[in-house]
Amino acid sequence: MSIIEVQDIKRDFGKFTAVDAISFQVQEGEIFGFLGPNGAGKTTTINMLCTLLRPTSGRANVAGFDVATQRDEVRSSIGLVFQEPTLDEYLTAEQNLRFHAYAYNVPGAEREKRISQLLQLVDLSDRRRSQVRTFSGGMKRRLEIARGLLHAPRVLFLDEPTLGLDPQTRRHIWDHIAALRKEHRLTIFMTTHYMDEAENCDRIGIIDQGGIIALDTPDSLKDGLGGDLVTLTAKDNEAAAMELKEKFGISPALQNGTVTFSVPKGDQFLPRLVGNFSTPLLSLGVHRPTLDDVFLKLTGRAIRDEEAGLKDQMKLMMKTFHGMRR
């Protein structure tokens with residue numbers, strides 16, 4: 001069953017179209033990754049789904065509610081964890097959660113029970129009375145996730161949930177996210193710049209220049225590149241590219257001092273290449289396509305080169321959202 005349904009949704013800012021009539025669905029209980037270069041329309045789409053922007057045209061439903069005409073119902077059905085930390089660091093962990101519970105009108109009989117359950121779920125029960133300013137970055141992130149779940153939302157929006165954390169802490173966060181999904185059948189809509197994290201998604205939508213240019217499972221997106229990725233450098237890369245075209249019918253890409261192309265069963269192709277190649281080679285490698293390769297192929301840039309420069313926008317979104325809740 002679809003818990004997010006987007007049909008021909010569009011958003012204009014004057015003469016500029018930020019999101020151009022996109023359509024997609026997210027299934028209940030799914031982890032859905034939304035990727036795109038800065039300025040591609042990713043944040044604008046999320047803003048519309050979270051009721052922070054009204055669509056210029058088209059329709060979108062979240063948890064069965066229309067984002068334009070049933071905004072309060074949508075807000076009650078979603079949790080938000082932004083890239084920019086939004087905790088009050090001079091309050092304790094439980095005080096941060098209690099304040100959020102008041103803002104969302106969580107019934108008193110349920111409030112303390114949920115706070116205790118969520119602190120236990122994210123392994124912070126023993127620090128419930130500690131000021132947040134004494135927490136590590138990973139502990140703060142786990143507390144923010146607990147806060148986003150306090151009012152029992154059906155959809156959790158995560159913007160760069162582990163940005164800046166070390167690999168071990170990132171893995172710990174993802175273990176908690178997986179547990180949340182399993183226990184609560186939670187739908188997770190997330191953005192990330194870490195392609196290894198995107199592998200955790202059931203499906204990924206890639207948006208560029210306001211339109212969705214790919215939407216599929218991670219494996220299907222990688223298979224769509226047409227085989228294994230071969231990368232080589234030669235004394236003369238242009239001569240190597242010409243020889244590849246003449247001898248093997250391959251039209252490679254030349255960028256950043258390398259020659260790259262895709263072939264089926266790359267490990268079997270390499271011996272044939274080396275045995276029949278006259279241009280002197282300096283290096284040669286082959287690997288299974290990654291989501292980085294998919295992103296580069298579809299958008300013309302590597303996601304690791306994208307600056308996560310949306311902090312001011314995220315801060316404004318957070319303030320706007322909580323201001324509308326009060």
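These lines cover the structure that appears in this document, whether it is placed above or below.

Let's talk about the overall build of the chain
Thinking step 1. When you go through the chain residue by residue, the secondary structure sums to twelve helices and 14 strands.
Thinking step 2. Referenced to the eigenvectors of the C-alpha coordinate spread, the extents of the chain come out at roughly 75 × 45 × 35 Å.
Thinking step 3. A total of 326 residues make up the chain; the buried ones form 52% of that total.
Thinking step 4. Summing over all exposed atoms, the chain offers an accessible surface of approximately 15,500 Å²; the carbon and sulfur share of this is 47%.
Thinking step 5. Of the side chains in the chain, 42 bear a positive and 43 a negative charge, and the two mean positions are spaced by 5 Å.

Considering the sheet that holds strand β12 (residues 253-255)
Thinking step 1. Read across the sheet, four strands follow the order β12-β13-β11-β14 without closing on themselves; strand pairing throughout is antiparallel. Either end of the sheet is taken by a strand with one partner, and the two such strands are β12 and β14 (281-287). In this sheet, neighbouring strand axes are inclined to one another by 25° on average, regardless of whether the strands run parallel or antiparallel.
Thinking step 2. Of the strand pairs in this sheet, strand β11 (residues 228-234) and strand β13 (residues 258-263) are connected by five bridges, and their pairing is antiparallel. Across the sheet, Asp228 pairs through a bridge with Val263, a residue of β13.

A word on the state of the cysteines
By definition, a disulfide links two cysteine residues through a covalent bond between their sulfur atoms.
Thinking step 1. Tallied over the entire structure, the rule returns zero disulfides.
Thinking step 2. With no disulfide of its own, Cys201 lies 16 Å from the sulfur of Cys50, the closest cysteine sulfur.

Here we look at the packing of aromatic side chains
For any pair of aromatic rings, the description rests on two quantities: the centre-to-centre distance and the angle between the ring planes.
Thinking step 1. Applying the stated criterion across every chain yields a total of nine aromatic pairs.
Thinking step 2. On the numbers, 6.4 Å between centres and 40° between planes, the contact of Phe24 with Phe189 is tilted. One end of the pair, Phe24, is in strand β2 (residues 16-27); the other, Phe189, is in strand β8 (residues 187-191), and 165 residues separate them in sequence. Residues Phe24 and Phe189 agree in their burial class; the two are buried.
Thinking step 3. Through a chain of ring-to-ring contacts, the aromatic side chains of Phe24, Phe32, Phe34, Phe157 and Phe189 assemble into a single cluster.
Thinking step 4. If you follow Arg11 out to its NZ or CZ, it ends over the ring of Phe13, 4.7 Å from the centre.
Thinking step 5. Sitting above the plane of the Tyr194 ring, Arg170 keeps its charged end 3.7 Å from the centroid.

Quick look at the environment of Pro37
Thinking step 1. Inspection of the secondary structure puts Pro37 in the loop between β3 (31-35) and α1 (42-49).
Thinking step 2. With relative accessibility at 1%, the residue Pro37 sits in the buried group.
Thinking step 3. Along the backbone, Pro37 and Arg301 are 264 residues apart, and their C-alpha atoms lie at a distance of 8.0 Å.

A word on the pattern of salt bridges
Thinking step 1. Counted by the stated rule, this structure contains 22 salt bridges.
Thinking step 2. Residue Arg170 is joined to Asp196 by a salt bridge in which the shortest nitrogen-to-oxygen separation is 2.7 Å. Taken together, the positions of Arg170 in helix α6 (residues 167-184) and Asp196 in helix α7 (residues 195-198) put the pair 26 residues apart, joining distant regions of the chain.
Thinking step 3. Residue classification places Arg170 among the buried positions, given a relative accessible area of 11%.

What to know about the side chain of Lys42
Thinking step 1. Of note, Lys42 is situated in helix α1.
Thinking step 2. Of the side chains with opposite charge, Glu160 lies nearest to the buried Lys42, which makes no salt bridge, at 6.3 Å.
Thinking step 3. Within the local environment of Lys42, its side chain forms a polar contact with the backbone oxygen of Gly36, the two atoms lying 2.8 Å apart.
Thinking step 4. Beyond its immediate sequence surroundings of up to four residues, Lys42 is in contact with Phe34, Leu35, Gly36, Pro37, Thr191 and Ile207.

Observations regarding the side chain of Asn237
Thinking step 1. In this structure, Asn237 sits in helix α9 (residues 237-248).
Thinking step 2. Exposure remark for Asn237: the relative accessible area of 17% places this residue in the buried category.
Thinking step 3. Among the polar contacts made by the side chain of Asn237, one reaches the main-chain carbonyl oxygen of Gly257 at a distance of 3.0 Å.
Thinking step 4. Those residues in contact with Asn237, other than ones at most four positions away along the chain, are Leu254, Gly257, Thr258 and Val259.

What about unusual backbone geometry?
Thinking step 1. One non-glycine residue, Ala21, lies in the positive phi region at around 55°.
Thinking step 2. Looking at where Ala21 falls in the secondary structure, it is placed in strand β2.
Thinking step 3. Residue classification places Ala21 among the partly exposed residues on the basis of a relative accessible area of 38%.
Thinking step 4. Even without a glycine there, the phi angle at Asn256 is positive, about 55°.
Thinking step 5. Following the sequence through the fold, Asn256 ends up in the loop between β12 and β13.

Overview of helix α10 (residues 266-275)
Thinking step 1. Of all the positions in α10, only Gly266, Phe269, Leu270 and Leu273 are classed as buried. Projected onto a plane normal to the axis of α10, the buried residues spread over an arc of 110° and lie on a single side. Turned more than 90 degrees from where α10 packs its buried face, Asp267, Gln268, Pro271 and Gly275 sit exposed.

Rules used throughout
- Starting afresh in each chain, residues are numbered from 1 along the sequence in its written order.
- Given that this is a predicted model, residues contribute local features only at a pLDDT of at least 70 and side-chain atom pairs are listed and counted only at 80 or more, while totals for whole chains, interfaces and linings are drawn from all residues.
- Heavy atoms from the whole structure form the basis of all side-chain values; hydrogens and water molecules are not counted.
- Under the scheme used here, helices are H or I runs from DSSP no shorter than 4 residues and strands are E runs no shorter than 2 residues, and both carry numbers assigned from the N terminus.
- Burial status follows relative accessibility: with a 1.4 Å probe on protein chains alone, a residue under 20% of its type maximum counts as buried, one over 50% as exposed, and anything between as partly exposed.
- Only the protein chains shown count as cover for residues, and all accessible areas are computed by the Shrake-Rupley method using a 1.4 Å probe.
- Counting rule for charge: Lys and Arg are taken as positive, Asp and Glu as negative, and neither His nor the chain ends is counted.
- Think of each charge as sitting on NZ of Lys, CZ of Arg, CG of Asp or CD of Glu.
- Two strands are said to pair when DSSP picks up at least two bridges between them.
- Helix axes use the C-alpha atoms of the stretch in contact, all axes being lines fitted to C-alpha atoms, and the angles between their N-to-C directions lie in the range 0 to 180 degrees.
- Cysteine sulfur pairs qualify as disulfides if the two atoms are within 2.5 Å.
- The aromatic pairing rule takes the rings of Phe, Tyr and Trp, using the six-membered ring of Trp, and pairs them if the centres are within 6.5 Å, calling planes under 30 degrees apart stacked, those over 60 edge-to-face and the rest tilted.
- Charge-over-ring contacts are defined here by two conditions on Lys NZ or Arg CZ: a distance within 6 Å of the ring centre and an angle within 35 degrees of the ring normal.
- Any Lys or Arg side-chain nitrogen found within 4 Å of a carboxyl oxygen on Asp or Glu counts as a salt bridge.
- By the criterion applied in these results, polar contacts are pairs of N or O atoms within 3.5 Å in which, for protein atoms, one can donate a hydrogen and the other can accept it, and in which residues neighboring in sequence qualify only through two side-chain atoms.
- Any two residues whose heavy atoms approach within 4.5 Å at even a single point are treated as in contact.
- Throughout, the arc means that of the directions going from the helix axis to the C-beta atoms.

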